[in-house]
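# Structural features, examined
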Amino acid sequence: MTEYAIRAENVVKRFGDFAAINNITLNVPKGSIYGFLGPNGCGKSTTIRVLTGLLHPSDGKVDVLGLEIPRQSELLRLKIGYMTQKFSLYDDLSVEENLEFIGQIFGMPRSELKVRINEQLKTYGLDQRRKQRVGGMSGGQKQRLSLAAATMHKPELLFLDEPTSAVDPENRREFWEQLFDLSDQGTTILVTTHYMDEAERCHRLAIMESGEIRADGEPET
Ligand SMILES: Nc1ncnc2c1ncn2[C@@H]1O[C@H](COP(=O)(O)OP(=O)(O)OP(=O)(O)O)[C@@H](O)[C@H]1O
Ligand SMILES: [Mg+2]
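Source: prediction; values computed, not measured. Residue positions are given per chain, counting from 1 as you read along its sequence in written order. The naming scheme follows written order: chains are lettered A onward, ligands numbered 1 onward. Restriction of local features to residues with pLDDT of at least 70 applies here, the model being predicted, together with a cutoff of 80 or more for giving and counting side-chain atom pairs; totals for whole chains, interfaces and linings are based on all residues. To obtain the side-chain values, all non-hydrogen atoms of the structure were used and water was disregarded.

Now for the overall build of the chain. Along the chain, the regular secondary structure elements total seven helices and 10 strands. Scaling as 2.2 N^0.38, a compact globule of 221 residues should have a C-alpha radius of gyration of about 17 Å, and the chain matches this with 17 Å. In terms of overall dimensions, the chain has C-alpha extents of about 45 × 40 × 35 Å along its principal axes. Each residue is placed in one exposure class: buried if its accessible area under a 1.4 Å probe, protein chains only, is under 20% of its type's maximum, exposed if it is over 50%, and partly exposed if it falls in between. Considering the chain as a whole, with its 221 residues, one finds that 48% of them fall into the buried category. Under the scheme used here, helices are H or I runs from DSSP no shorter than 4 residues and strands are E runs no shorter than 2 residues, and both carry numbers assigned from the N terminus. In this description the radius of gyration comes from C-alpha coordinates, and the expected globular size is given by 2.2 Å times residues to the power 0.38.

Now the structure itself:
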């Protein structure tokens with residue numbers, strides 16, 4: 001029997017009269033890379049915000065990692081990582097300071113935090129840049145740091161909202177290698193994208209249009 005990290009049933013999110021997501025049903029198998037493909041404004045980010053518990057759905061049922069969302073969102077917070085669409089780390093802090101700050105938010109003890117930061121800097125090829133201020137870094141480097149930050153606390157489930165929109169093709173490929181590594185380690189990943197080639201790399205794919213899921217299945221190769 002397939003175990004699911006996310007089960008969402010007939011979920012609606014209205015802003016006033018406008019339904020940004022309209023009756024979507026979604027099952028994300030544990031350990032899979034699940035892609036969300038769709039044009040601007042179709043509701044990808046809104047869906048992620050509802051699944052993480054940041055937005056309350058207007059209707060429908062949401063179960064994430066066995067927790068009822070939004071009621072149990074607070075318990076979910078420590079089990080998930082969320083890389084937002086816009087870069088959301090501190091430009092004025094160094095690479096290392098950003099990771100330290102995130103680790104503290106997640107309540108990691110100092111000794112563990114130091115070890116984990118070194119591990120992350122190595123995994124994401126940032127150990128030479130640990131003292132560098134983030135403001136001056138390239139798009140690709142910032143995205144790698146964002147992924148390092150989102151995975152500091154080893155979340156079971158990772159939400160990535162257009163993680164490679166500011167990244168060139170070479171760095172995008174490398175970024176996806178990192179996602180496959182995380183997936184191999186058992187992390188479930190929900191990732192939104194505009195790129196067909198990225199969509200094809202997902203284990204499962206949902207195609208969204210005007211707040212609805214038009215198709216859902218394994219990408220055809
Ligand atoms: N807080 C809000 N209040 C009102 N309307 C909103 C709000 N958030 C999103 N919307 C609307 O809901 C729709 C879906 O937005 P959403 O950001 O989820 O799309 P998206 O698929 O992530 O788009 P993009 O690819 O541009 O990131 C859009 O029409 C947007 O204007
Ligand atoms: Mg979006």
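The discussion continues.
The working definition used for a salt bridge is a side-chain nitrogen of Lys or Arg within 4 Å of a carboxyl oxygen of Asp or Glu. Going through the model one piece at a time under the given rule, you end up with 17 salt bridges. The residue Lys30 makes a salt bridge to Glu3 at a minimum N-O spacing of 3.5 Å. Separated by 27 residues along the polypeptide, Lys30 in the loop between strand 2 (18–29) and strand 3 (33–37) and Glu3 in the segment before strand 1 (4–15) bring together distant segments of the chain. A relative accessible area of 42% means that Lys30 is categorised as partly exposed. With a shortest N-O distance of 3.1 Å, Glu170 and Arg173 are connected by a salt bridge. Here Glu170 and its partner Arg173 are both found in helix 6 (residues 169–184), three residues apart, which amounts to about one turn of the helix. Here Glu170 falls in the partly exposed class, since its relative accessible area comes to 44%. Three or more residues are tied together by salt bridges with common partners; here these are Glu96, Arg130 and Lys131.

Let's shift gears to the state of the cysteines. Only a pair of cysteine sulfur atoms within 2.5 Å qualifies as a disulfide here. Counted by the stated rule, this structure contains zero disulfides. Of all cysteine sulfurs in the structure, the one in Cys202 sits closest to Cys42, which takes part in no disulfide; the separation is 14 Å. Note on Cys42: relative accessible area 2%, which makes it buried. Judged by its relative accessible area of 5%, Cys202 falls in the buried class.

Time to look at the nonpolar core. In terms of nonpolar packing, the biggest core is built from 29 residues, with Leu99, Leu145, Leu147, Leu160, Leu179 and Ile189 touching the most fellow members. Of all the secondary structure elements, the ones that give two or more residues to this core are helix 3 (95–105), helix 4 (110–123), helix 5 (139–150), strand 7 (157–161), helix 6 and strand 8 (188–193). Take this core: its biggest share by element is five residues, from helix 5. Split by domain, this core shows at least three residues from each of two domains, domain 1 (1–79 + 155–221) and domain 2 (90–154). Contacts are residue-level and defined by heavy atoms, with any inter-residue pair within 4.5 Å sufficient. Setting aside chain neighbours within four positions, we find Leu160 in contact with Ile48, Met83, Leu147, Leu179, Ile189, Leu190, Val191 and Thr192. Residues grouped as a nonpolar core are buried Ala, Val, Leu, Ile, Met, Phe, Trp, Tyr and Cys residues, joined through side-chain atoms within 4.5 Å. Where each domain starts and ends comes from a domain assignment, either automatic or drawn from a database.

Quick look at the sheet that holds strand 5 (residues 67–69) now. Ordered by their spatial adjacency, four strands build an open sheet running 2-1-4-5, and the pairing between neighbours is antiparallel. At either end of the open sheet lies a strand with only one pairing partner, and these are strand 2 and strand 5. Across this sheet, the average inter-strand angle for adjacent strands is 20°, counted without regard to direction. A pair of strands counts as paired when DSSP detects no fewer than two bridges linking them. Bridge analysis of strand 1 against strand 2 gives nine bridges, and the strand direction is antiparallel. A fitted line through C-alpha atoms serves as each axis, taken over the contacting stretch for helices, and the angle formed by two N-to-C directions is quoted from 0 to 180°.

All right, on to the sheet that holds strand 6 (residues 80–83) then. Judged by pairing direction, the sheet is mixed, and its six strands sit side by side in the order 6-7-8-3-9-10 without closing on themselves. In the strand order of this sheet, the two ends are held by strand 6 and strand 10 (212–217), each with one partner. Strand-to-strand, the axes of this sheet are offset by a mean angle of 15°, without reference to chain direction. Relative to strand 9 (residues 204–209), strand 3 runs parallel, the two sharing four bridges. Paired with Gly35 across the bridge in strand 9 is Leu205. Of the strands in this sheet, strand 6 and strand 7 are in contact with helix 5, which crosses strand 6 at around 160°.

Moving on to the site of ligand 1. Gly41, Lys44, Ser45, Thr46 and Gln85 are the nearest of the 14 residues found near ligand 1. As used in this structure description, the phrase polar contact means that two N or O atoms lie within 3.5 Å; if the pair is within protein, one of them must be able to donate a hydrogen and the other to accept it, and residues adjacent in sequence are counted only when both atoms belong to side chains. One of the backbone N or O atoms of Gly41 is found 2.7 Å from an oxygen atom in ligand 1. At 3.5 Å from an oxygen atom of ligand 1 is found a side-chain nitrogen or oxygen belonging to His194. The set of elements that each furnish at least two residues to the shell around ligand 1 consists of strand 2 and helix 1 (44–52). The biggest single contributor to the shell around ligand 1 is helix 1, with three residues. Among the residues forming the shell around ligand 1, the class breakdown is five nonpolar, seven polar and two charged. Here a residue is near a molecule or strand as soon as one of its heavy atoms is found within 4 Å of it. Classification used: nonpolar for Ala, Val, Leu, Ile, Met, Phe, Trp, Tyr, Cys and Pro, charged for Asp, Glu, Lys and Arg, polar for all others including Gly.

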